[in-house]
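Structural characterization, general
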Amino acid sequence: LQRIVVVSSGMVYESATVFPTPEGAERKSPPPISTYGFQKLAAEYFARGAWEQYRLPFTIIRPSSPVGRSDRHTLHGLPGDAPAASKLATNHAVPDLVIRILGGEDPVRLSGEGTQMRNYIAARDLARGMRMAMELPEAVNEDFNLGTSKGISIVELTERIWRKIHGPERPFNYASDTDYRYDVPNRVPDVRKAKAVLGFEARTTLDQMLDEIIAWVREEIASGELTAATRA
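Residues numbered from 1 in each chain as written. Predicted model: local features only at pLDDT ≥ 70, side-chain atom pairs only at ≥ 80, totals over all residues. Heavy atoms only, no water.

1. Quick look at the overall build of the protein chain
Condition: In DSSP terms, a helix is any run of H or I states spanning at least four residues, a strand is any run of E spanning at least two, and both are numbered starting from the N terminus. Classification of residues uses two cut-offs on accessible area relative to the type maximum, computed with a 1.4 Å probe and protein chains only: under 20% is buried, over 50% is exposed, and between them is partly exposed. Residue contacts are defined here by distance: any two heavy atoms, one from each residue, within 4.5 Å place the two residues in contact. Surface accessibility follows the Shrake-Rupley procedure with a 1.4 Å probe radius. Residue values consider only the protein chains on display as shielding.
If you tally the helices and strands in the protein chain, you get 6 helices and 11 strands. The proportion of buried residues among the 232 residues of the protein chain is 42%. In the protein chain, the share of contacts with a sequence separation of at least 24, taken over all contacts with a separation of at least 6, comes to 78%. Just so you have it, the protein chain exposes about 12,500 Å², and 54% of that area is on carbon and sulfur atoms.

Right under this line is the structure:
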């Protein structure tokens, strides 16, 4: 065993006040209030503890929200249960919005006011960055944000998807739902360390990601794997 690689999350920065948020902010900010963010932070501390106590090297990776094709479904269930298909696509913002807009949802319903800032990375870029972090000696006992350099609000993301599907003429409308308890207002990482230490930089633009996902969702709907539907 040469190294522990922890795939963490930007949710460790849940209580951060500096944006874009650099590596190290998780140790200076109040702890995350969500169980998910706290679990991810705890896993990071376990890795650091294994180095301190056993000299087992580590690398911590904090991906932005990944976007990619084939984010279709997963199987879940307890041991002995018959596996049940779960539509994973609708659990992720980009394919979920695409599915609902293609399904005719108007106005598009958003969690909260839609002002939440998010950051996305293409799955292919994330895979490349993860491999670099796993293999390069410069990554030993270091942590890295893997994402793009710019954030976008949920409402801006939604309107961009809307325009790609409906064109420039059809009016864009959205409605705000009740805020999700742990819907962090700002989740945009500082990605300069990954570029400086690993030479990693995301290459795929958000527009390219959206074009690919829209095309993929249309293919999945045509094949019957996904259903274009509005939010219930």
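Past the structure itself, the notes keep going.
2. Side note on a nonpolar patch on the surface
Note the following rule: What goes into a patch is any residue over 30% in relative accessible area without a salt bridge, connected to like charges within 9 Å or, for nonpolar side chains (Val, Leu, Ile, Met, Phe, Trp, Tyr), within 5 Å. A pair is scored as a salt bridge if a Lys or Arg side-chain nitrogen falls within 4 Å of a carboxyl oxygen belonging to Asp or Glu.
Taken together, the side chains of Val5, Val7 and Met134 present a nonpolar region at the surface, about 220 Å² in accessible area. Inspection of the secondary structure puts Val5 in strand β1 (residues 4-7). For Val5, a relative accessible area of 30% translates into the label partly exposed.

3. Section: the layout of surface pockets
Quick reminder of the rule: The pocket and cavity definitions rest on a 1 Å grid over protein atoms only: a 1.4 Å probe that fits but cannot leave marks a cavity, an open set with protein on both sides within 12 Å along at least five of seven lines marks a pocket, and residues lining either have an atom within 4 Å of a point. Grid points are joined across faces, edges and corners, and a volume is the space filled by probe spheres set on the points.
There is about 470 Å³ of room inside the second largest pocket. Lining the second largest pocket are 22 residues, and of these Gly147, Thr148, Ser149, Lys150 and Gly151 sit closest to its centre. Mapped by element, the contributors of at least two residues to the lining of the second largest pocket are α5 (192-198) and α6 (206-223).

4. What about the packing of helix α2 (residues 93-102) against α6?
Test applied: Note on method: axes are straight lines fitted to C-alpha atoms, helices fitted across the in-contact stretch only, with angles between N-to-C directions ranging 0 to 180 degrees. Note on angle classes: values under 35 degrees are labelled roughly parallel, values over 145 roughly antiparallel, values of 65 to 115 roughly perpendicular, and the remainder oblique. In a left-handed crossing the near helix is turned counterclockwise from the far helix by less than a right angle, and in a right-handed crossing that turn is clockwise. Residue type decides the class: Asp, Glu, Lys and Arg count as charged, Ala, Val, Leu, Ile, Met, Phe, Trp, Tyr, Cys and Pro as nonpolar, and the leftover types, Gly among them, as polar.
Look at α2 against α6: their axes get within 10 Å of each other, and the N-to-C directions meet at 55°. By the angle between their axes, α2 is oblique relative to α6. Seen along the crossing, α2 lies across α6 with a hand that is right-handed. Along the contact surface, α2 presents Val94, Pro95, Val98, Ile99 and Leu102, while α6 presents Leu210, Ile213, Ile214, Trp216, Val217, Arg218 and Ile221. Here the contact of α2 with α6 is composed, by residue class, of 11 nonpolar, no polar and 1 charged.

5. Description of the side chain of Ser29
Heads up, the rule is: Two N or O atoms form a polar contact when they lie within 3.5 Å of each other; inside protein one atom must be a possible hydrogen donor and the other a possible acceptor, and for residues adjacent in sequence the pair counts only when both atoms belong to side chains.
For Ser29, the position within the fold is in the loop between β1 and α1 (35-54). A polar contact is formed between the side chain of Ser29 and the backbone oxygen of Ala25, at a distance of 2.7 Å. Once residues lying within four places of it in the same chain are set aside, the contact partners of Ser29 are Ser15 and Ala16.

6. Describing the nonpolar core
To keep things clear, this is the line we draw: Each nonpolar core is a collection of buried residues, namely Ala, Val, Leu, Ile, Met, Phe, Trp, Tyr and Cys, held together in the definition by side-chain atoms within 4.5 Å.
If you look at the biggest cluster of nonpolar residues, it comprises 26 residues, and the most contacted ones within it are Val94, Val98, Tyr120, Leu157 and Ile161. Of all the elements in the fold, those that place two or more residues in this core are α2, β6 (108-111), β8 (120-122), α4 (154-166) and α6. In terms of residue count, α6 provides more of this core than any other element does, 7 residues in total. When sequence neighbours within four positions are dropped, the list of residues in contact with Val98 reads Ile161, Ile165, Ile213, Ile214 and Val217. Ala139, Phe144, Leu146 and Leu198 belong to the second largest nonpolar core, which has 12 residues in total.

7. Description of the pattern of salt bridges
Applying the stated criterion across every chain, the model contains 21 salt bridges. Residue Arg48 pairs with Glu26 through a salt bridge whose shortest N-O separation is 3.9 Å. On the criterion of sequence distance, the pair formed by Arg48 in helix α1 and Glu26 in the loop between β1 and α1 is long-range, its members being 22 residues apart. For Lys193, the salt bridge identified is with Asp143, shortest N-O distance 2.9 Å. Of this pair, Lys193 sits in helix α5 while Asp143 sits in strand β9 (residues 142-146), placing them 50 residues apart in sequence.

8. Structural notes on the sheet that holds strand β2 (residues 58-63)
For clarity, the threshold we go by: Any two strands with at least two DSSP bridges between them are considered paired.
The parallel open sheet is built from 3 strands, whose spatial order is β1-β2-β9. Two strands close off the open sheet at either side, each with one partner strand: β1 and β9. On average, adjacent strands in this sheet sit at an angle of 15° to one another, irrespective of strand direction. Sheet analysis places β1 next to β2, joined by 4 bridges and oriented parallel. Looking at the pairing, Val5 lines up with Thr59 of β2.

9. Quick word on the packing of α4 against α6
One way to put it is that α4 packs onto α6 with a least axis distance of 11 Å and a crossing angle of 55°. In this view, α4 runs oblique relative to α6, as classed from their interaxial angle. Crossing handedness for the pair α4 and α6: right-handed. Each of Leu157, Arg160, Ile161, Lys164 and Ile165 in α4 lies in contact with α6, whose residues at this interface are Leu206, Asp207, Leu210, Asp211, Ile214 and Arg218. Classifying every residue of the contact of α4 with α6 by side-chain character gives 6 nonpolar, no polar and 5 charged.

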